[in-house]
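Residue strings, one per chain:
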Amino acid sequence: MKLGFNGATTMKAGLIEDAEASSKAGFDYLELRDNKLEELLKTKSLEEIDHSFQELHIQPIAVNSLEKATLRDETGFEEILKRADVLCQYASALHCPILIAVPSFLESSRPTKKEIKENAQMVLKKLEELSRSYGVKIAFEFLGFVDASVNTLSFCNEIVEELNNDRIGMIIDTFHFYLSDEPLSVIEKINPEKIFLVHIADAENLPKTQLKDANREMPGNGVIPLKDITQKLKDIGYKGVYSIELFNPTYWEWEPEQVTKVCYQKMRELLS
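Residues numbered from 1 in each chain as written. Predicted model: local features only at pLDDT ≥ 70, side-chain atom pairs only at ≥ 80, totals over all residues. Heavy atoms only, no water.

A. Representation of the packing of aromatic side chains. The final tally for this structure, using the stated rule, is 6 aromatic pairs. Centre to centre, the rings of Phe145 and Phe175 are 6.5 Å apart; their planes meet at 70°, and the pair counts as edge-to-face. With Phe145 in the loop between β5 (137-141) and α6 (153-163) and Phe175 in helix α7 (residues 174-180), this residue pair connects regions lying 30 residues apart in the sequence. Assigned by exposure class, Phe145 and Phe175 land together as buried. Put simply, the rings of Phe5, Phe27 and Tyr264 touch in pairs and so form one group of aromatic residues. We note Lys113 situated over the ring of Phe155; from NZ or CZ to the ring centre the distance is 4.7 Å. Lying over the aromatic face of Phe196, Lys137 brings its terminal NZ or CZ to 5.3 Å of the ring centre. (Phe/Tyr/Trp six-rings, centres within 6.5 Å; stacked < 30°, edge-to-face > 60°. Helix = DSSP H or I, 4+ residues; strand = E, 2+ residues; numbered from the N terminus. Buried < 20%, exposed > 50% of the residue type's maximum accessible area, 1.4 Å probe, protein only. Lys NZ or Arg CZ within 6 Å of the ring centre and 35° of its normal.)

Okay, structure coming up:
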């Protein structure tokens, strides 16, 4: 059982606090929030941060994240590539294997599904080319919100599979999978080698159209059929990391050690 902790769950804590608390709770992996990392870099070097992770026996698993990575104009796309280069430098220095890229939301323009796919594939190919020398892989994460340009697992899988590149994969987030309203059977069609990481979150009992990231809940405290989803992932042969990612402001007020301890217990109960 490979368990990870995402710093979005303790948004007000610093990166070293996340590392210390998650390691003490029993987690082996830590997802790095870019804002926390850059705040820490004001006082510590990448080498010092890497040394701290090694001392704590906590392994960085992913850098979160390259936001609104798709459907950008020429200037915006250049900004994405520059940002990706910076994040890959961080990831490489910290022996972190994954950079997460997130699709843009649909705003005034309404591109066709074909245009969305072609753009996403172009972006992912460019990101992979850039990240290759750093030894970092690219993971594409669909968002289940209705106005997200890539908002289902099946569409995300279509985009990634057609690229046929073992350094480009995807993130499955249980919260976004629930919002997408796709059946569990969709998971059966996924090549487990293309799943680079699984984000775990439950959700409050609200209509799906009302759910926001702030409505994420601890595993077992909500309405998402997490046991069914994780069992399906096991059935297809997924053996990677499960990382808990909660954006719920309630937990930001808890002490980091309390949050990580409860999260670890909930994750063990879910995946045992």
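B. Just the sheet that holds strand β1 (residues 3-6), in detail. Within the closed barrel, the 8 strands sit side by side as β1-β2-β3-β4-β5-β6-β7-β10. Their pairing is parallel. If you compare each strand with its neighbour and ignore which way they point, the axes differ by 30° on average. Examined bridge by bridge, strand β7 (residues 195-200) and strand β10 (residues 242-244) share 3 bridges and lie parallel to one another. Bridge pairing in β10 places His199 opposite Ser243. In the packing of helix α1 (residues 15-25) onto the sheet, contacts are made with β1 and β2 (29-33), and the angle to β2 comes to roughly 165°. Relative to β5, helix α5 (residues 113-132) is tilted by about 155°, and along the sheet it contacts β3 (59-66), β4 (98-101), β5 and β6 (168-173). (Pairing = 2+ DSSP bridges. Axes fitted to C-alpha atoms, helices over the stretch in contact; angles between N-to-C directions. Contact = heavy atoms within 4.5 Å.)

C. Expanded view of α1. Among all positions of α1, only Leu15, Ile16, Asp18, Ala19, Ala21, Ser22 and Ala25 are buried. The elements touched by buried residues of α1 are β1, β2, α2 (34-40), α3 (46-56) and α10 (256-271).

D. Broad picture of α3. Three or more residues of α3 are buried, namely Leu46, Ile49, Asp50, Ser52 and Phe53. With its buried residues spanning 155° around the axis, α3 presents them on a single face. Exposed side of α3, more than 90 degrees from the buried face: Glu47 and Glu55 are the residues found there. Looking at the buried positions of α3, the neighbouring elements they touch are α1, β2, α2, β3 and α4 (74-93). (Arc of directions from axis to C-beta.)

E. Region of interest: the side chain of Glu31. Relative to the helices and strands, Glu31 is located in strand β2. Side-chain polar atoms of Glu31 contact the side chain of Asn64, separated by 2.9 Å. Beyond its immediate chain neighbours, meaning those up to four positions away, Glu31 contacts Phe5, Asn6, Gly7, Ile61, Ala62, Asn64, Ile100, Leu197, His199 and Ser243. (Polar contact = N/O pair within 3.5 Å; in protein donor to acceptor, adjacent residues only side chain to side chain.)

F. A look at the layout of surface pockets. What the largest pocket holds in volume is close to 380 Å³. Contributing to the lining of the largest pocket are 18 residues, with Glu193, Ile195, Phe196, Tyr238 and Gly240 lying nearest its centre. Among the residues making up the lining of the largest pocket, the classes are represented as 9 nonpolar, 3 polar and 6 charged. (1 Å grid on protein atoms, 1.4 Å probe; cavity = no way out; pocket = protein on both sides within 12 Å on 5 of 7 lines; lining within 4 Å. Points joined across faces, edges and corners; volume = space filled by probe spheres on them. Nonpolar A, V, L, I, M, F, W, Y, C, P; charged D, E, K, R; others polar.)

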